Amino acid sequence: MTKKQLPKLIPFGIASILVLTHVTQTLLKPGYVNADGNEVTYAVSDSVMFCGFGLLIVLTLILLNKQVWTYIFTILTILAFTPWISFYNQTFSFGIGIISFEVTALSLLIFHLALNPEVFQSFKVSITAKPESEESKQSKFESSVLRFENKFEGKSQAELQRMASQNELVPEAIEAAKRLLERDKSATTRR
């Protein structure tokens, strides 16, 4: 990773600091004996632990210089909107009705996508429709022409001639009328 690419790691660094802060605070918090005589100790939250494992995977990919880390971190940040993964034991969220957003995860996601726009571009490319090939267009055209040919089968030569000459129909229908006229011509010349 070059010095120019280091700013792209800022959201990852913030997420890592949040997880490490929670782990450190939890492990350094002294246990105590409660009124019942039971010893009470503090444990790292499962959701933060899962996030920590995810961040370790991302760190490994960064150290191996694999660009896929940006996508894995994006997915991890999106998962932080769920209760299964969180960067810190305290969550700050706002909601509208039943939909709520975790502010830390949302801001990290926006920051990450701003610094790593190629992630957003990849998702955008996968969502946008691929241009239709010429073969596919031709196949669809031929299929429509065949449907119109079947539909126009009982029409008279005059009706077919009017359909073919007046550009009032879709191109497939006009082509079907022209083909039916050609078939009728070739059938009459053979007789």
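Residues numbered from 1 in each chain as written. Predicted model: local features only at pLDDT ≥ 70, side-chain atom pairs only at ≥ 80, totals over all residues. Heavy atoms only, no water.

Caption draft 1: Examining the environment of lysine 3 more closely. Mapping lysine 3 onto the fold places it in the segment before helix 1 (10-28). Between the alpha carbons of lysine 3 and threonine 26 there is a distance of 34 Å; along the sequence they are 23 residues apart. (Helix = DSSP H or I, 4+ residues; strand = E, 2+ residues; numbered from the N terminus.)

Caption draft 2: Highlighting the nonpolar core. In terms of nonpolar packing, the biggest core is built from 19 residues, with Phe12, Cys51, Leu55, Trp69, Phe73 and Phe87 touching the most fellow members. When contributions to this core are tallied by element, the ones reaching two or more residues are helix 1, helix 2 (46-63), helix 3 (69-79) and helix 4 (103-115). Setting aside chain neighbours within four positions, we find phenylalanine 12 in contact with Leu55, Val58, Leu59, Ile62, Trp69 and Phe73. Ranked by size, the runner-up nonpolar core spans 10 residues in total, among them Phe152, Ala173, Ala176 and Leu181. (Core = buried A, V, L, I, M, F, W, Y, C linked by side-chain atoms within 4.5 Å. Buried < 20%, exposed > 50% of the residue type's maximum accessible area, 1.4 Å probe, protein only. Contact = heavy atoms within 4.5 Å.)

Caption draft 3: Region of interest: the pattern of salt bridges. On inspection of all chains with the given rule, the structure shows six salt bridges. Where lysine 8 meets glutamate 118, a salt bridge forms, and the shortest distance between an N and an O atom there is 3.5 Å. In this pair, lysine 8 sits in the segment before helix 1 while glutamate 118 sits in helix 5 (residues 117-127), placing the two residues 110 residues apart along the sequence. Two residues, arginine 179 and glutamate 175, come together in a salt bridge whose shortest N-O distance is 3.0 Å. With arginine 179 and glutamate 175 both in helix 8 (residues 171-190), this residue pair falls four residues apart, about one helical turn. Since its relative accessible area comes to 25%, glutamate 175 is described here as partly exposed. (Salt bridge = Lys/Arg side-chain N within 4 Å of Asp/Glu carboxyl O.)

Caption draft 4: How the structure looks around helix 3. Burial in helix 3 covers these residues: Trp69, Thr70, Phe73, Thr74, Leu76 and Thr77. Buried residues along helix 3 cover an arc of 165 degrees about the axis, so they all sit on one side. (Arc of directions from axis to C-beta.)

Caption draft 5: Region of the structure containing unusual backbone geometry. Positive phi values are uncommon outside glycine, yet asparagine 65 reaches one of about 60 degrees. Judged by relative accessible area, asparagine 65 falls into the partly exposed class, the value being 48%.

Caption draft 6: Fine view of the packing of aromatic side chains. Taken as a whole and judged by the stated rule, the model has three aromatic pairs. Pairing tyrosine 32 with tyrosine 42 gives two aromatic rings, centres 6.5 Å apart and planes at 50 degrees, and the pair type is tilted. Linking tyrosine 32 in strand 1 (residues 32-33) with tyrosine 42 in the loop between strand 2 (39-40) and helix 2, this pair joins segments that are 10 residues apart in sequence. We classify tyrosine 32 as partly exposed; its relative accessible area is 42%. On the numbers, 5.6 Å between centres and 35 degrees between planes, the contact of phenylalanine 148 with phenylalanine 152 is tilted. Taken together, the residues span about one helical turn, with phenylalanine 148 and phenylalanine 152 both in helix 6 (residues 134-152) at a distance of four residues. (Phe/Tyr/Trp six-rings, centres within 6.5 Å; stacked < 30°, edge-to-face > 60°.)

Caption draft 7: Region of the structure containing the environment of valine 40. With respect to the element layout, valine 40 can be found in strand 2. By relative accessible area, valine 40 is classed as partly exposed at 23%.

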